[in-house]
Amino acid sequence: MLLKHTTDKEIDRKALTINPAKTCQPIGAMYAALGIHGCLPHSHGSQGCCSYHRSTLTRHFKEPVVAATSSFSEGSSVFGGSANLVQAIETMFTVYKPEVIAVHTTCLSETIGDDLTQIVSKANDDGLIPEGKFVIYCNTPSYVGTHITGYSNQVAAMVKFFSTATPKKKNVVNLVAGWMEPSDMREIKRLAQVMEARTIMFPDMTGVLDTPLNGKYHMYPDGGTTIPELRATGDSKFTIGLGQYCTEDACIKLENKCKVKFEVVDIPIGLKATDRFLMSLSRHANLPIPDSITEERGQLIDLIADNAKYLYGKRVALWGDPDTLIPLTEFLVSLDMKPVYIVSGTPGKPFDERMSEILKDIPEAKFMSGERADMFRLHQWIKQEGVDLLIGNTYGKYIARDEDTPFIRFGFPIADRSGHNYFPKTGYVGATNLVIQILNAFMDHQDRTCPEEKVEFQM
Ligand code: SF4
């Protein structure tokens, strides 16, 4: 009973967040940077920030995430970290030999006011950036925004520093990946391949954070979007952004810089969002959706139809990131379930507007985004009237235990389970995985808790 003091009585909190449903901006920037081939993320701040961000990613992916730090001391905290970063750039290129260094800031360096443009330009003037190597950067103060903002800023920086337009557009569609698992990216690329569409995905964590164990350590795994691919995004004929919060900024920048038109769709989680993604790709790549993909869709619908009685009317509480929660909530509604409580620590109007629309036929549904949309509030709502299922990251396990409620891990971070970086939740196959997980959670709970005379062999 770790959360036994949580009450159902909400009070108006103006300046207090309890168990936030978000994390630091730099984690997002660090994660996005790992989607560039041969990239070493660099945290411009103190060691503690870098350790926390790196270890959070390592715990989630169960992979050794490498990142460097400017390692601020008392001196750099007072006088600025310019000298540290210049020295770090020289050391990294000399010792660790990355193709790209992706620098992001932290609360401390932002508060001091370190000017990354000026510092990186000095490193360049001093000849510390070798020919053919790059230093890119973005600002990620954690006192504004969240890990989602940091991810978005880093992806936008990829466009700013690399995308280049030549006079000739190519028959290629850019896929700007929002925050999702490498498995989700792999599934989206597989769908594009089955359609025979030529695409460039960026960032791309496949082959970086889902690598096989082969006895050799590779500081820079084979995966990730390469520099020539990032450059070529400026010559593509269209861009599809997957998730508004994480990718819209990059899409706008790419259009402004290289005149590549774009459309932002939801991350393809669930039936309708996958339909919309595939229709968009089909339209812009000018290719039909092959029968094999339609067959996968049919299998998903068959599974849903076979098990509708277990899903109908089930009340669900969700927490996490807006780009994932929006299509996930829509999917649950299409399963005739009732997503009744939803919180996201990342603020923004699009979340509120989309949720209003998706939940318009569920009057009892409550949703909230921003700093006060925290795990404590979600638990208070659950105390007021319980739910049948919890879906979210590991921070929900205490609520699940206290309320004895089935719980499916989804989102970031997941520190206490494995497999999320191998098994997708995107596409029809991913939606099938998700429905199976939901059904198993309900059936396991029923088998465990129902009276003996109600135990069913056939379910
Ligand atoms: S909130 Fe700021 S200071 Fe704290 S770990 Fe995150 S980036 Fe570092």
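Residues numbered from 1 in each chain as written. Predicted model: local features only at pLDDT ≥ 70, side-chain atom pairs only at ≥ 80, totals over all residues.

For the protein chain, an unreviewed UniProt entry supplies the name Nitrogenase molybdenum-iron protein beta chain and the organism Bacteroides luti. Note on the protein chain: under the UniProt heading Sequence similarities (unreviewed entry), the record states "Belongs to the NifD/NifK/NifE/NifN family." (UniProt positions renumbered as here; feature names shortened; annotations may be inferred.)

**Student:** Run through the domain arrangement of the protein chain, naming residues and quoting values.
**Tutor:** In terms of domains, the protein chain is made up of domain 1 (25-162), domain 2 (170-290) and domain 3 (295-453). Placing a centre on the C-alpha atoms of domain 1 and another on those of domain 3 gives a separation of 34 Å. On the side of domain 3, nine residues touch domain 1, which itself brings seven residues to the contact. Per-element accounting of the side of domain 1 that touches domain 3 gives the leading share, four residues, to helix α2 (residues 47-61). Classifying every residue of the side of domain 1 that touches domain 3 gives two nonpolar, three polar and two charged. (Domains from an automatic or database assignment. Contact = placed C-beta atoms within 7 Å. Helix = DSSP H or I, 4+ residues; strand = E, 2+ residues; numbered from the N terminus. Nonpolar A, V, L, I, M, F, W, Y, C, P; charged D, E, K, R; others polar.)

**Student:** Explain the UniProt feature "domain: Nitrogenase/oxidoreductase component" (unreviewed entry) in the protein chain residue by residue, including any values.
**Tutor:** Within this structure's numbering, the places UniProt gives as "domain: Nitrogenase/oxidoreductase component" (unreviewed entry) are residues 24-442. Taken as a whole, residues 24-442 contains 48% helix and 16% strand, while its terminal C-alpha atoms sit 33 Å from one another.

**Student:** Could you give me a rundown of the sheet that holds strand β7 (residues 236-242), with the residues and numbers involved?
**Tutor:** The strand order across the open sheet formed by four strands is β6-β5-β7-β8, and the pairing between neighbours is parallel. The sheet is open, and its two borders are formed by β6 (199-202) and β8 (262-265), each paired with just one other strand. In this sheet, neighbouring strand axes are inclined to one another by 20 degrees on average, regardless of whether the strands run parallel or antiparallel. Pairing analysis gives six bridges linking strand β5 (residues 170-177) to β7, with the strands arranged parallel. Among the inter-strand pairings, Val-173 is bridged to a residue of β7, identified as Phe-238. (Pairing = 2+ DSSP bridges. Axes fitted to C-alpha atoms, helices over the stretch in contact; angles between N-to-C directions.)

**Student:** How would you sum up the site of the ligand? Please name residues and give values.
**Tutor:** All residues adjacent to the ligand are Cys-24, Pro-26, Cys-49, Tyr-52, Thr-106, Cys-107 and Ser-142. For the shell around the ligand, the per-class residue count stands at five nonpolar, two polar and no charged. (Near = placed C-beta within 6 Å.)

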